[in-house]
Amino acid sequence: MRSLYGKFLLFTVMIMIGSFIIAFLVVNTFYHQQLRPQNDAKNMKIAENVADYIESDQHIDLDEFLSTQAKVGYKLYITNHAGEDQFYGKPFRLENLSDQAVEQVLAGEQYHGMRDLPKETFVTGFFSDEMANTVGVSFTYEEEQYGLFLRPDIKLLFTEIHYLLGGLFVVMVVISLVAMLFVARKLIQPITKLTAATKKIGAEDFSLSLPTNRGDEIGQLADSFQSMANHLQESDELRKQFINDVSHDFQTPLQNIKGYAALLHDAKLSNSERQDYTNIIESETERLSALTKQLLLLTSLDSLTSPMQQDAFSLDTQLKEVIQKYRWLMEEKHIALSLELDEINFIGQAEYTEKIWENLLSNALKYTLDYGMIEVGLEETENDIIITFSDSGVGIDKAHIPFLFDRFYRVDEARHDKVEGTGLGLSIVQQAVALHQGSIEVTSKLHEGTTFTIRLPKLDEALND
Ligand code: ADP
């Protein structure tokens, strides 16, 4: 029985049998402790009444009187010293009354077979249709001593109402069993559907039909399963798109390298042409190298949910160090720099925060024309640390803002002819900010400039000391 359905069925039947056995044992104990002596006493009383009645009216027709008693629902046996005996009512299944019991009753004593019959362990003892399972009293009729043995005729006791109750019980058991089977099948059906759905997902087929409209636990399971499948589908599409983009971004510089390397074979090339081609090959190689580094960085950021190491460092110092690296470019483009940096300590992964500043600053420099202006700010509010990078650069059209942080997204390919880039910088920034539980916003106006604002959660006062 490996299926849930089979197990449910097995458990149901086992529970029914088990409860029946337990109920039977309980009733049996009750019978032995309570009912057996009571039954004996009750039947003894009846036997005594019969005996008393016979003794009080010696003109009674004994045969007729006892036959009447038998019709009411008793089995009777009488005997006397002469060994004359007579049965009334239906015959006993077993005629096993001992001589000793007969002698005892003829001697005037009572016989308590219903109470004392030792071998009966089960409640069925009460129904045991044997002569030993009777009560016995003596009576005198026409100066002759008789022994009277009596027990109820069970068949007569089973009246129509008993059959009705028994039938009711059987019908109840059958109906409940069939209903349970039906319910079990209904319960198992959606699980079978879920199993089929897992197989489909395994085969990258995300078109599922799940029982999500149910209000019970199975409906909840189907709901979570559906949203898991949606996520999987989304990330599957992203993965495919990512591979597509990566291949494309590697393909272009590789083709350039291949093309210009082929041209270099031409012996008739002038020195300056040779120099130009070599420069192109060099810059394309650098682009590939930068792309690989950025991809590696993104992958390592993707695999983290919190910083791997917690460095305590000064944010203003780190920002100044990054700016220092780009000083030459600023001077080359005659870009003015304004710094407003508060002294703020931070705990996080310094190598990743450094990447945030590097990317934002290099973008600001890339997309700001000569003689422009860049402002970098660092300040604390009640709850956050706020870092801003503003430039008076080319700005970004509103339509592009929602996609800026997507991988490989570049605003306008045409304007990038002059500007190097991979479209990965802002994705790295966003990942590194998220890793530090921060947030990033961008506001921009075309031809006027762009501002990136980063909020990082502030440290406890104790840590900031
Ligand atoms: P890229 O390597 O192309 O710079 P990023 O992910 O860093 O890639 O940026 C995505 C796009 O956002 C860029 O291609 C650029 O068009 C735009 N962008 C980013 N920073 C700025 C900025 N400071 N000013 C104007 N445009 C920007």
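Overview of the structure. The structure displayed is predicted, hence computed values, not measured ones. (Residues numbered from 1 in each chain as written. Predicted model: local features only at pLDDT ≥ 70, side-chain atom pairs only at ≥ 80, totals over all residues. Heavy atoms only, no water.)

1. A look at the packing of helix 8 (residues 271-302) against helix 11 (residues 425-435)
Part 1: Viewed as axis vectors pointing N to C, helix 8 and helix 11 meet at an angle of 25°, and their least axial separation amounts to 10 Å. Viewed along their axes, helix 8 and helix 11 adopt a mutual orientation that is roughly parallel. Crossing of helix 8 over helix 11 shows left-handed handedness. Across the interface between the two elements, Gln294, Leu297, Leu298, Leu301 and Asp302 of helix 8 pack against Gly425, Ser427, Ile428, Gln431, Ala432 and Leu435 of helix 11.
Part 2: Looking at the contact of helix 8 with helix 11 residue by residue, the class counts come to six nonpolar, four polar and one charged. (Axes fitted to C-alpha atoms, helices over the stretch in contact; angles between N-to-C directions. Helix = DSSP H or I, 4+ residues; strand = E, 2+ residues; numbered from the N terminus. Parallel < 35°, antiparallel > 145°, perpendicular 65-115°, else oblique. Left-handed = near helix turned anticlockwise from the far one by under 90°. Contact = heavy atoms within 4.5 Å. Nonpolar A, V, L, I, M, F, W, Y, C, P; charged D, E, K, R; others polar.)

2. Let's talk about the sheet that holds strand 9 (residues 373-380)
Adjacent strands of a sheet pair through backbone hydrogen bonds, lying either parallel or antiparallel.
Part 1: Here we have five strands laid out as an open sheet, ordered 7-9-10-12-11, and mixed in their pairing. At either end of the open sheet lies a strand with only one pairing partner, and these are strand 7 (336-341) and strand 11 (439-445). Taken pair by pair, the neighbouring strands of this sheet meet at an average axis angle of 10°, ignoring direction.
Part 2: Examined bridge by bridge, strand 11 and strand 12 (residues 449-457) share seven bridges and lie antiparallel to one another. Looking at the pairing, Val442 lines up with Phe452 of strand 12.
Part 3: Against the sheet, helix 9 (residues 315-333) makes contact with strand 7, strand 9 and strand 10 (384-391), and its axis sits at roughly 175° relative to strand 7, the strand it touches most. (Pairing = 2+ DSSP bridges.)

3. As for unusual backbone geometry
Part 1: The phi torsion at His334 lies on the positive side, around 55°, for a residue other than glycine.
Part 2: Topologically, His334 is positioned in the loop between helix 9 and strand 7.
Part 3: Given the relative accessible area of 43%, His334 is considered partly exposed.
Part 4: With a phi close to 65°, Tyr371 is a non-glycine residue in the positive phi region.
Part 5: Within the secondary structure, Tyr371 is located in the loop between helix 10 (350-366) and strand 9.
Part 6: Residue Tyr371 is classed as exposed on the basis of its relative accessible area of 63%. (Buried < 20%, exposed > 50% of the residue type's maximum accessible area, 1.4 Å probe, protein only.)

4. Section: the pairing of strand 9
In regular strands, side chains alternate between the two faces of the sheet.
Part 1: Here six bridges tie strand 7 to strand 9, and the two strands are oriented parallel to one another. Within strand 9, the position partnered with Ser338 by the bridge is Glu375.
Part 2: Summarising the sheet, strand 9 and strand 10 pair through seven bridges and their orientation is antiparallel. Paired with Glu380 across the two strands is Ile385, which belongs to strand 10.
Part 3: What sits between the antiparallel neighbours strand 9 and strand 10 is a turn of three residues.

5. Remarks on the packing of helix 10 against helix 11
Helix packing geometry: the angle between the two helix axes and the distance between the axes.
Part 1: One way to put it is that helix 10 packs onto helix 11 with a least axis distance of 9 Å and a crossing angle of 145°. Where helix 10 crosses over helix 11, the handedness of that crossing is left-handed. Only Gly425, Leu426, Ile428, Val429, Ala432, Val433 and Leu435 of helix 11 make contact with helix 10, whose side of the interface consists of Tyr352, Lys355, Ile356, Asn359, Leu360 and Asn363.
Part 2: Looking at side-chain class alone, the contact of helix 10 with helix 11 contains nine nonpolar, three polar and one charged residues.

From the geometry alone we can't say anything about function, so treat these as descriptive.
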